[in-house]
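Single-letter residue listing:
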Amino acid sequence: QVQLVESGGGLVQAGGSLTLSCAVSGRNFGIFAMGWFRQTPGKEREFVAAIRWSFGAAYYADSVKGRFTISRDTGKKTAYLRMISLNPEDTADYYCAADPSFHANIVNAGAYNYWGQGTQVTVSS
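The shown structure was predicted, so the numbers you read here are calculated from the model rather than taken from an experiment.

Asks: Can you tell me about the sheet that holds strand β7 (residues 68-73), naming the residues and giving the values?
Replies: What the 4 strands build is an open sheet, ordered β1-β3-β8-β7; its pairing is antiparallel. At either margin of the open sheet sits one strand with a lone partner, and together these are β1 (3-7) and β7. Strand-to-strand twist in this sheet, taken as the mean axis angle between neighbours without regard to direction, amounts to 15 degrees. Relative to strand β8 (residues 78-83), strand β3 (residues 18-25) is paired through 6 bridges, and the arrangement is antiparallel. By the bridge assignment for β8, C22 is matched with A79.

Asks: So, the packing of aromatic side chains: which residues are in play, and what are the values?
Replies: Note on aromatic pairs: each is described by the distance of the centres and the angle between the planes. Taken as a whole and assessed by the stated rule, the structure comprises 6 aromatic pairs. On the basis of an interplanar angle of 65 degrees and a centroid distance of 5.3 Å, the ring pair of F32 and F102 is categorised as edge-to-face. Residue F32 is located in the loop between β3 and β4 (33-39), and its partner F102 is located in the loop between β9 (92-99) and β10 (114-115); the two are separated by 70 residues in the primary sequence. Given the relative accessible area of 62%, F102 is considered exposed. Considering the side-chain rings of F37 and W115, the 5.2 Å spacing of their centres and the 55 degrees angle between planes classify their relative orientation as tilted. Here W115 lies in strand β10 and F37 lies in strand β4, a separation of 78 residues in the sequence. An aromatic cluster of three or more residues is present, and its members are F37, F47, Y112 and W115. Residue placement shows R45 over the ring face of Y95; its charged tip is 3.9 Å from the ring centre. Against the face of W115 rests R45, its NZ or CZ located 4.8 Å from the ring centre.

Asks: For the side chain of R38, give the residues involved together with the corresponding values.
Replies: With respect to the secondary-structure elements, R38 resides in strand β4. Within polar-contact distance, the side chain of R38 engages the side chain of E46 at 2.6 Å. When residues no more than four places from it in sequence are discounted, the contact partners of R38 are E44, R45, E46, V48, S63, V64, F68, E89, D90, A92, D93 and Y94.

Asks: Tell me about the pattern of salt bridges, residues and numbers included.
Replies: Enumeration according to the criterion identifies 4 salt bridges in this entry. We note a salt bridge from R38 to E46, for which the minimum N-O separation is 2.6 Å. On the basis of relative accessible area, R38 is assigned to the buried category, the value being 5%. The closest approach of N and O atoms between D90 and R67, which form a salt bridge, is 2.7 Å.

What counts, and where the lines are drawn
- Residues numbered from 1 in each chain as written.
- Predicted model: local features only at pLDDT ≥ 70, side-chain atom pairs only at ≥ 80, totals over all residues.
- Heavy atoms only, no water.
- Pairing = 2+ DSSP bridges.
- Helix = DSSP H or I, 4+ residues; strand = E, 2+ residues; numbered from the N terminus.
- Axes fitted to C-alpha atoms, helices over the stretch in contact; angles between N-to-C directions.
- Phe/Tyr/Trp six-rings, centres within 6.5 Å; stacked < 30°, edge-to-face > 60°.
- Buried < 20%, exposed > 50% of the residue type's maximum accessible area, 1.4 Å probe, protein only.
- Lys NZ or Arg CZ within 6 Å of the ring centre and 35° of its normal.
- Polar contact = N/O pair within 3.5 Å; in protein donor to acceptor, adjacent residues only side chain to side chain.
- Contact = heavy atoms within 4.5 Å.
- Salt bridge = Lys/Arg side-chain N within 4 Å of Asp/Glu carboxyl O.

This is the structure we're talking about:
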């Protein structure tokens, strides 16, 4: 059984930083890509960042470029999202996602079949 467990969310003041982690468990689960998405009430889940597991190529939403960094530890099967210069517009539930299959477009939520439970990030002004 594959599980994605997120951690690292919380309350931070504007201008602050947080690092989210997403650990993948499941024997023989090979990762092709992992992504981070976020969602606020009444809005659709939106892409934040994604990384191709083997080569480490990273992709970002325009709204977070230069502030967020996605990385991975292949040995630990863990992805990270380092967030700096946070602002209240970053407040959301953050979800990590993973998939073992090739997808040309990994910024699309439809590319992922495995999701974490979400972790809340609140940025106060």
